[in-house]
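Understanding the architecture of this molecule
Chain by chain, the residues run as shown.
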Amino acid sequence: MTSNYGYFEQFNEKMARIYRLLDTLLLWGYRITANTLRKYVKPPAKVLEVGPGTGRLASILSNNGYYVVGVDVSLPMLRQARRFWRPDFVNAGSWALPTIPERFDAAVAMFTLHHWGDHTSSIRNIRDSLKPGSVFIVVEADADRVRALGDHSCNEKCLTSVLTPYFDIKFTRSFPLIIAIGRRLK
């Protein structure tokens with residue numbers, strides 16, 4: 001689907017149900033992401049999740065004491081996510097976040113960056129929604145190690161080009177994941 005902001009991937013009801021079934025298979029990845037966040041930000045920090053999909057990670061983070069707002073462009077995905085009572089979910093795109101500047105202590109995007117069409121405005125909006133010195137954690141399938149996923153993955157070069165000049169980035173890997181930890185630049 002295209003918009004004024006370029007391409008972005010939409011999910012219908014059938015795909016949202018499939019992703020919900022995948023939740024249990026991806027539980028290990030959600031735990032790795034939650035543990036990574038915990039290294040940088042302690043509860044009850046305010047966390048923005050961009051592309052929460054079916055809401056599993058947002059729910060895990062909320063249960064760990066974080067205040068989580070999940071922003072997703074897909075209404076079918078948000079309908080699946082609303083089965084969790086604690087996180088707040090908002091229907092919006094990453095390129096036009098409806099957030100207050102410098103409101104969040106951290107942001108997380110797990111398996112979603114490769115779905116975004118307009119990285120520049122999306123990354124700038126995420127940076128602007130974060131307090132100075134906050135972190136943006138991006139988790140993707142590592143394209144250098146898992147080539148079978150094609151364009152549903154990223155590598156260090158891809159993540160570096162997208163996240164700079166807004167974040168100072170370091171990387172960690174936990175097969176088959178690549179995790180970019182971006183510290184917000186002023």
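Right above here is the structure, for reference.
Residues numbered from 1 in each chain as written. Predicted model: local features only at pLDDT ≥ 70, side-chain atom pairs only at ≥ 80, totals over all residues. Heavy atoms only, no water.

Side note on a nonpolar patch on the surface
On the surface, Met-15, Ile-18, Leu-22 and Leu-25 cluster together into a nonpolar patch covering about 320 Å² of accessible area. Mapped onto the elements, Met-15 comes out in helix α1 (residues 13-22). In this structure Met-15 comes out as partly exposed when scored by relative accessible area, which is 31%. (Patch = residues over 30% accessible without salt bridge, like charges linked within 9 Å, V, L, I, M, F, W, Y side chains within 5 Å. Areas by Shrake-Rupley, 256 points an atom, 1.4 Å probe, with all protein chains shown as cover. Salt bridge = Lys/Arg side-chain N within 4 Å of Asp/Glu carboxyl O. Helix = DSSP H or I, 4+ residues; strand = E, 2+ residues; numbered from the N terminus. Buried < 20%, exposed > 50% of the residue type's maximum accessible area, 1.4 Å probe, protein only.)

Remarks on the environment of Lys-14
Mapped onto the elements, Lys-14 comes out in helix α1. The exposed category is assigned to Lys-14, whose relative accessible area is 56%. Along the primary structure Lys-14 and Met-77 are separated by 63 residues, whereas in three dimensions their C-alpha atoms are 9.8 Å apart.

Focus on the sheet that holds strand β6 (residues 104-110)
If you walk across this open sheet you meet the 7 strands as β5-β4-β3-β6-β7-β9-β8, and the pairing is mixed. The open sheet is flanked by β5 (88-91) and β8 (167-174), the only strands paired with a single partner. Across the sheet, the axes of successive neighbouring strands diverge by a mean angle of 20°, strand direction being ignored. The pairing of β8 with strand β9 (residues 177-184) spans 8 bridges and is classified as antiparallel. (Pairing = 2+ DSSP bridges. Axes fitted to C-alpha atoms, helices over the stretch in contact; angles between N-to-C directions.)

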